Structures are given as structure tokens and as C-alpha cells.
Amino acid sequence: MKNIWKLTWFLVLPLILVYCEKDQDQTMDNEEELITDVVMTFTDELGNIQTFSFSDPDGPGGNAPSLDEITLASLATYALSIQFLDASDPMDLEDITLEVAEESAEHLVCFDFSGNISSITISDDDENGLPLGLEAVLTTLQPGNGTLTISLKHLPDKDNSIPCSTGETDVEVTFQVVIE
Amino acid sequence: MRKSVITGILFWLVIGIIQGQQKKCDIILKGYVLDTTTASPLDYASISIRGTETGTLANEKGYFELGKVCPGIIELEISRVGLLSRTWVVDIQQDTILFLNISMEGLRLEEVVIGGKAAPIPKSEISQLVDGIELTTNQGLNLATALENLPGVSVLRTGATIAKPMIRGMHSNRILLLNNGVIQEGQQWGLEHAPSIDPFTLEEITVIKGAGTLEYGSNALGGIIKSNPASLPKEKGISGSIHLQGHSNSRMGVASGLLEGYSGGWSKLGYRIQGTLKRGGSLKTPDYFLDNTGQSEHNFSWSLQRLFQRNKIQFYYSRYSSTFGIFSGAHIGNLTDLKNAIERGEPLIQPDFNYTIDRPQQRVVHELFKGNYIYEWGSSNEIQLQVSRQFNRREEFDAHRPFGVLPAEKEIGDITFEITTHTVDLGWKHGNWKSLRGKMGTQWTRQNNTADRGGLIPNYTMNGVGWYWMETWKKFPFPLAIEGGLRLDYKKFEVSTQGRDTINVQNEFFNLSAVVGFIYTLKNNWTIKANTGWLWRPPHVNELYSEGVHHGSASYEIGNRNLFPERAINSTASIHLPTDSKITGSLSLYHNLIRDFIYLQPTQQPVLTIRGAFPGFEYLQTNAVIQGIEWEWAAPIGPQWVISNKTSFLKGENRQTNEPLIYMPANQTHWAVEYRPALKSGTLDDLFTKLSWEYVGSQNRIPSDADYAPPPPSYGLIHWNMGWNWNAGQTPISITFTANNLLNKRYRSYLNRLRYYSDEMGRNLILTLKTKF
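These numbers were taken from a predicted model, which means no experiment stands behind them. (Residues numbered from 1 in each chain as written. Chains lettered and ligands numbered in written order. Predicted model: local features only at pLDDT ≥ 70, side-chain atom pairs only at ≥ 80, totals over all residues.)

A.B. asks: Residue-level account of the overall build of chain B, with values.
C.D. replies: Per the secondary structure count, chain B includes 4 helices and 41 strands. Classification of the 773 residues of chain B by burial places 51% in the buried group. (Helix = DSSP H or I, 4+ residues; strand = E, 2+ residues; numbered from the N terminus. Buried ≥ 20, exposed ≤ 12 C-beta atoms within 10 Å, placed from the backbone.)

Next comes the structure, spelled out in C-alpha cells:
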């Protein structure tokens, strides 16, 4: 009888010593936000507004993203503003631009262009007075075609000679441009 | 492998000729001492009966004779140079012939050893052991690195800290990793998912290459890695050890300690408690520090064992918990970033040394709890029941904090995988019956995997049942042993959701595997071994359902729900010199044909995402062949010097496209010269110094269009090792000093996934102190 008690503590002790981790299945499963849409708003000198967007609401894979063709007037100057959105939940559109602006020193929007675009100049600053890129000024050349690539860099080295070759790319979208 | 590596000693016994009943002390005990692995005789072992004056020495053929033995239960003690002495309790009633089979190659890894009573059968598998000094010096690094020196074993790395073992070109789900008798179940499908085992819990690690045993599963197309802790003490008292290690590169400190004992008396409890702490900072290549490459680890384990007359109950618990910084220069968002990084040639951010572990990082927790019951009777008959639970949580943090979450949730991984596995194993082992010895058993596994905040792989539940039966025929002194085994497996995946999608699909797999092998001992005690296994591996969920950008590798992986199981015919032949001869060594050849080999094939069209276009890779099947040759040998030059070499050649081919397979290890060779001066005892006991040269060729056999940069050139590294034992008063301290990459050479390894971004680690000086009390 005595031995049974002795055996019992031997069998129970291991159970006391085990601190078992459990699967903490979070209810917010797979609710991570991502950037699904890039919206570019062009405002010409007369105050006319045009928007073009890249949209992939189901995220990478699945349905192919939709991509607008940008149509601009020749020899014109546009104020350009960029917005990043999470449109994965149509009932709850999130504006990620606000977070980018909040952590402005950690972000940089880069522009790469070819064809009949003359120049793009970043017109806003981050908290350290360095370029941010959510606002820019774009000028066009003669009628023709071109491409415009917008990328959002995280933790770029803004002091680098080519800041856009640094950092991790969160967004990289290439639009076809028609200058009329 | 040195002779001091000889560790295990086990034997089984066969009662031979029986002559009438005797009652006086005139029984004659005769017998042979044999090496289990090679089944060849072992010379000059000493055999004695405990508590008596009776004893003798076996002759050069391993034969011994003991006269005037009294009937009853006697305790037979066997010892031999280089072996630990062991005792064996045997009931003697008449003249008896004993065959004492002693393991020279750590066959203690038959984890079910009671007083040396388990039945190691000569095996046709090629197994290699790492323990002693070789394990000690690498314990502070990781499990895979400890195995790297074995021919045929390579390491697949992500940076310098995350390392996965690879056997003959196979890794992840194609090899089995056993931790203390339990199959390690984590997220092993990922190339950057290293095994979560604390090497300090282990006393020895054995690698079985090719098809050997079907006991643990059929999917070990490449081989099996068994890692085992030391057995618990059986002599009364408390003892312990402390192990300290310092690394110059990464300025890493490791401390590990254990306390163990045996209570004796009525409780007969053996126990051990063990813990490890590890902290390292930025790694350094010869030229620069790598940003965010710190690591920290804290591990803990205990075990408890109660011995009874015929049975044994054992509990084991271990908890591994680590945080690894991922080299920030390798964290890329898209293909443009990757191209920029390759063009730069060296990382953009080259900070000073620090211990900070920032984003991106990985945090892994792995828990194992197992209970084990063994009952044994007669001559090596045994039943074993083992129940285990494992839990693995893997959190991956991107460089970028997630958008749109509350500050409180920012410490939650961007992806969290949680996997819980329960297993029940029941096995029966039988002793000699008409020269047959064998084992059969069944295993049941249930696994539940959830992926939170990320849809790279789906949530699933897996149920598996396996049944195996293996027999070996060996009749002494006939030089041939034959073995064969069968295994049936059933596996079912119930896949529920993936990311935001509901899948609700079941995948079922059912198959048969088989192994045959033989061991033949030549007149000169050389041994020839050969085996062939028909193995299969069902596709894993990542191969079936993967969908998404694989971070760091800038590729979009696409699963394929129509994959079949892989089927392999894995053949190995080898020749081994006797373990007790002057020159030791072995040579093996292998050929592994895998039908429906699952691999990633680049897709025609890149996948367009908001992060840019990614090259797509789709899981497809082909027929593949991996073949190679490996050898190792060690030869004394004079009494104090030993020269050794380990070499492996490997070739992997996709038979349908006639192209080489990706990520195959390059041919390599390791040379070492070791010097052990004969010094007066009490000064620098067991002093040794070893200089080695590791040469790894350039892998120029690669598939076209599947890589971003050409494979790095070949490299040769010099390593240096020395150690001795020092008695500080009553306390023995073992000191080891290691210099890895002594010449601080700049190089990159093809099997490192971060080779696009930075060089490998530079010189690392490691000082290890180990003391026992």
C-alpha cells in the first residue's frame, strides 16, 4: 500500500513540472493589413483632378491586379499625390498613407520613369527635412508614351547617393503612361 | 572517428550447448566476445564474475573460458581497452556458451537499454556517430554544425546562425530527426527553419545515411539523425557538470549545466535537470559586421526514471526557446531589392558590434514531453510503449511592423505557425529465435497546425498510422547476416483554411515500404554492407498548398494539389575496415532513384503583385537521381600522430529535363592531422592538437534559370583545435580551444541562402571549459 503512494508521487510529479504551451489561436486570424491599392491623384494647373490606380484587393496571387493606364496632357505640370490603401475588406477601407506619413523618416516614395515624362520632383519632406514622396510635381513632354514606376521603400538610407537603391520595397508598381 | 568515440556497450546472449543439470560449483562458461556492428570477434576483453576471484582474458579470437562457476545468478563483468566496463546479470544452471556482443559504435542509441540488455543486431545501415570532443566544441553553435564534418552530411544555412542538416543532398521533410526517441515535429518544411533542439541535452548524435531502418517512418529518403541524451545514472549519489563556452566572433557566451543523480533505496529514482543559456551579438565576416545577427536561447530539460525488476518508466521534458535576428541586409521586399543587393556585393548597413536583436527576426519555442514504459523478459524480449506531445511555435517578424495594428499587437509575429503533435508508439522486440532477431511495432500520430496572420501554408490536421516489422538473420560464426523489413503507412491531411480562403479538402496517402540488406564479414575482418530500400514520402502541405511570396528568397511559390507521393529506390554499398585495426575507415557508394521527386520549377510568367513582379516557382514532379561516393579513413603515423581524411562526391540530376538538381552540396574533402604527445600524467593530461583543412569545391552543376547569382567559387579553410584535461585540486576541468577559419578567409557557400548578400563568418575562436562534480 505504502509503495503505491510512493509510486503515485513519481507519476504525478512529471505532470506538475510540465509547463505546457498551447496553441493560442488568435481570433484575429489572418487579419494582417496589407497594401492592396495605390491611388495616384494628378491635379493640373487649372485644378482639374484625375485619379489612376493599381488595385489587387485579394492580395498577391488569386485574381490578377487591375492597373489603370495613365493619360496626361502634353507639356503640362501636375501636382501628384500618392495614396496607399488596404481595400481587402470592402466594408473597412484603411488608408495606409497616414501611417506612412506618421513614420515619415522610415519611408520614401521613389519614382522611376521613361518615355515622354520630363521630370518628377518630390515636394514634401519627412520629419528630418529629407524627401518623403507622398507629394510630387510631374511635368510632361510632347505627346507619346512612357512608363512610371512608383515604389515605397521602408527604412531607406536617405543619405545614400542613390537612396532608392536602399531599403526594403513594400510597393513597386509600374504604370503605362500616354501623353496626349 | 577516434577510438575514444567508442561509447556504447551492450550485448545480447545466446544460450548454446546444454549439458545435464549440475549443482556443484563446476560449471564451465565458454564463449566469444563479438563486435555487434561488424559481427567480428573482439580480442583480449577481460571477463570476470563480480564478487569472486574468477576471471579470465579472451584470446585473440575473442574466445574465453571460465571454470568452477557456481550455479545461480551471477554478475558477469566485461571490460576492454577503450570500452567502459559493463556488467551483465545472468542465471547459470549448467555449462553454457555465451556470445557477448559488444557495441563499438555507440549502439547505445537503441534507446531502450536496461543494464545493457537490449539486443543490437548487426545492421546493414551506414551509421556515423558524433560525440566527445567533436560534439563538445560544436555544442555552442547548433545541431547541424556538429554534424557537418561527417562525409555525406552538409548544412543548409540561412546566415550563420540558422542551420539545417542535409544528408546526401536531402533535407527538411526528406530526413527524419529523432530527439530522444521521438520524431521531431516542427515547421521543418522551410529552408530557413532550423531544428529546435538544444545540443547540450545530447551526449551523442548518430547519422544513418540511406535506407536503414523503417522503424521510425518511411519518408527518410535521405537518412535519419538520432540525437540522444546520456542515460540516467544508476549508482547512488548526485553529480553534475558545468559547460562554459565563449566565442570571439559574435562575442557569444554559452553556459549549460546539469545536475543528475540516483536516489537508490526504495524509490530507485534516476533524475536529471539541465539548462542552457546563450547570448550572441553581431557576427563578423572578415571585413564587416553583419547587422542584426544576434541570437539568444534559453533551454531547459529534465528527466526522471524509475527502474523496476523487469521494467522501467521514464519521463522526459524539454523546452527550447530561441530568438534569432535575421541579417537585415538580406531582408528584401522584391526582386529589385535583390538585384540591388547582389550588385552592391556587400551590405549597405555595416554597423558596429552590438547585441541588439531587432526586426526582422524569428522566435521559436519547442516543447517535448514524453513518457516511456519498457517491459522486458527472457533473453532480450521487450515491449515498449511511448507517448509524446510536442508543441512548436514559430513567429516570424518582418522588418516592417504590420500596418494598421494597435501598438499592443506590434509584438505579435507577422506570421505565427503553431503545431501540436501527439504520438503513441508501441514496439515489441524479440531475442534470438532460430537465429532471427527482430522488432515490430505501430505508431500513431496526430498533428494540428495553425498559421496565424499569414496564408503561406494552410491550417490542417494530420492523422497517421504506421506499422513495421524488421528481422535480422545471423548465425554465428557464419559470416553473413541478412536483414529485411516492411512498413505500412497511412496518412491523412485535413486541410481547413488558408489565409482568408476556406479549402476543406482531404488528402489521403497509403503505401508500403521495404528494406533488404546484408552484412558479410571477410576472413580479414573487413566488413561489406549493402542495402536497398523502397521508400516513399507523401507530399507535405507546403508542397500541396503553398501560395505566396517566400520572404527573403524573392520568389512566389505555388503549391500543387495534384502531387503524388515520391517513391525512392535507395541503394547503398560499403566496405569497412575493422574498428580495432590500425588504419580505420570505410568507403560507400550510393544511388538514390526518386520517382515523382517534388521540386520547384520556375514558371513561364512572373507573378505580378503590388510589390512588383516575382519569379514564380511551381511544385512539379520529375524523376531524379542522386548518387555519390564517400570515404573516410584515419591512419597513425608513428605512435603520436594520426592523419585522417573524409571526402564526399555527389551528383543530383533531374532525369526529365536532364539538368542538375538545385541546392545540391558541392564535392568536398577534409584533411586533418592530430598530435597526441605522450606526456607525464598530471601535467597536461590527454593533450591533443589538431589542424584541419576543409576544401569545398564550386557547385557548377546547377539548373539554368533557377537562381539569381552564379554559385560562389571553391574555398579552402583551415581550422585548429586543441584540448587537455586539467585537475584543479579535486575538480577535473576539460579545456578545449578551437579556431574556426583560422586565416580569416573571405568566402561564400553555395548552400547558404544569404550568399547573395554577404560573405560567410570570419575567424571564430572558441574556448570551452567543462567541469564535473
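Having put the structure on the table, let's press on.
A.B. asks: Break down the overall build of chain A for me, citing the residues and quoting the values.
C.D. replies: For chain A, the helix and strand inventory stands at 2 helices and 11 strands. Sequence-ordered secondary structure for chain A, helices as α and strands as β, is α-β-β-β-β-β-β-α-β-β-β-β-β. Expressed as a percentage of the 180 residues in chain A, the buried residues total 28%. Taking as baseline every contact in chain A between residues at least 6 positions apart, the subset at least 24 positions apart corresponds to 60%. (Contact = placed C-beta atoms within 7 Å.)

A.B. asks: Give a detailed account of the environment of A:Ile150, specifying residues and quantitative values.
C.D. replies: All names here are of chain A. With respect to the secondary-structure elements, Ile150 resides in strand 10 (residues 144-154). Overall, the presence of 23 C-beta atoms within 10 Å leaves Ile150 in the buried class. Contact partners of Ile150, with chain neighbours within four places excluded, come to Val38, Ile82, Val109, Phe111 and Val173.

A.B. asks: Give a description of the sheet that holds strand 7 (residues 107-115) of chain A that names residues and reports values.
C.D. replies: Residue and element names in this part refer to chain A. Strands sit in the order 4-11-10-7 across an open sheet of 4 strands; the sheet is mixed. Every interior strand has two partners, whereas the edge strands, strand 4 (70-72) and strand 7, have only one. Pairs of neighbouring strands in the sheet enclose a mean axial angle of 25°, with direction left out of account. Relative to strand 11 (residues 168-179), strand 10 runs antiparallel, the two sharing 11 bridges. Among the inter-strand pairings, Gly144 is bridged to a residue of strand 11, identified as Ile179. (Pairing = 2+ DSSP bridges. Axes fitted to C-alpha atoms, helices over the stretch in contact; angles between N-to-C directions.)

A.B. asks: An account of the interface of chain A and chain B is needed here, citing residue identities and associated values.
C.D. replies: Interface size is often expressed as the accessible area that is lost when the parts come together. Taken together, the contact pairs 40 residues of chain A with 46 residues of chain B. When residues of the side of chain A that touches chain B are traced back to their parent elements, those giving at least two are helix 1 (2-17) and strand 11 of chain A. The element that contributes the greatest number of residues to the side of chain A that touches chain B is strand 11 of chain A, accounting for 6 residues.

A.B. asks: Talk me through the sheet that holds strand 14 (residues 223-228) of chain B; I want residue IDs and the actual numbers.
C.D. replies: Hydrogen bonding along the main chain pairs the strands of a sheet, whether they run parallel or antiparallel. All names here are of chain B. Taken in spatial order, the 5 strands of this open sheet run 8-13-14-11-12, and their pairing is mixed. The open sheet has two edge strands, strand 8 (126-131) and strand 12 (182-183), and neither has a second partner. Note: strand 13 (residues 204-209) against strand 14, 6 bridges, orientation antiparallel. Bridge assignment links Ile205 to a residue of strand 14, and that residue is Ser227.

A.B. asks: I'd like to hear about the nonpolar core, residue by residue, with values.
C.D. replies: Grouped together as the largest cluster of nonpolar side chains are 79 residues, with contacts concentrated most on B:Leu147, B:Ile175, B:Leu176, B:Leu178, B:Ile224 and B:Ile225. Counting residues per element, this core draws most heavily on strand 19 (residues 311-325) of chain B, at 5 residues. Contact partners of B:Ile175, with chain neighbours within four places excluded, come to B:Ile167, B:Met170, B:Ala220, B:Gly222, B:Gly223, B:Ile224 and B:Ile225. A:Leu80, A:Phe84, A:Leu138 and A:Leu148 belong to the second largest nonpolar core, which has 29 residues in total. (Core = buried A, V, L, I, M, F, W, Y, C linked by C-beta atoms within 7 Å.)

A.B. asks: Lay out the pairing of strand 10 of chain A in plain terms, naming residues and giving numbers.
C.D. replies: One ladder, built from 9 bridges, connects strand 7 of chain A with strand 10 of chain A; its direction is antiparallel. Paired with A:Asp112 across the strands is A:Thr149, a residue of strand 10 of chain A.

A.B. asks: Now, about helix 3 (residues 335-344) of chain B: what can you tell me, with residues and values included?
C.D. replies: Think of an α-helix as 3.6 residues a turn; residues three or four steps apart then line up on the same face. Within helix 3 of chain B the residues assigned to the buried category are B:Thr336, B:Asp337, B:Leu338 and B:Ala341. Taken from the residues just after helix 3 of chain B, B:Gly345 is the one with a positive phi, measuring 80°.

A.B. asks: A description of the pairing of strand 9 (residues 135-140) of chain A should follow, citing residues and the corresponding values.
C.D. replies: Residue and element names in this part refer to chain A. Only one face of strand 9 is buried: it carries Ala136, Leu138 and Thr140, and the other face, with Glu135, Val137 and Thr139, is open. In this structure, strand 5 (residues 77-86) lies alongside strand 9, joined through 5 bridges in antiparallel fashion. Within strand 9, the residue paired with Leu80 across the bridge is Ala136.

A.B. asks: Talk me through the confidence of the model for chain B; I want residue IDs and the actual numbers.
C.D. replies: Regions with low pLDDT should not have their predicted coordinates read in detail. All names here are of chain B. Averaged over every residue, the pLDDT of chain B is 84; residues scoring 70 or more account for 90%. For residues 1-23, every residue scores under 50 in pLDDT, and the model assigns this stretch 63 contacts once sequence neighbours within four places are set aside. For the stretch residues 105-120, pLDDT sits under 50, and the model shows 56 contacts to residues farther than four places along the chain or on other chains. Across the whole predicted complex the pTM is 0.82, and at the interface the ipTM reaches 0.81. (pLDDT = per-residue confidence, 0-100.)

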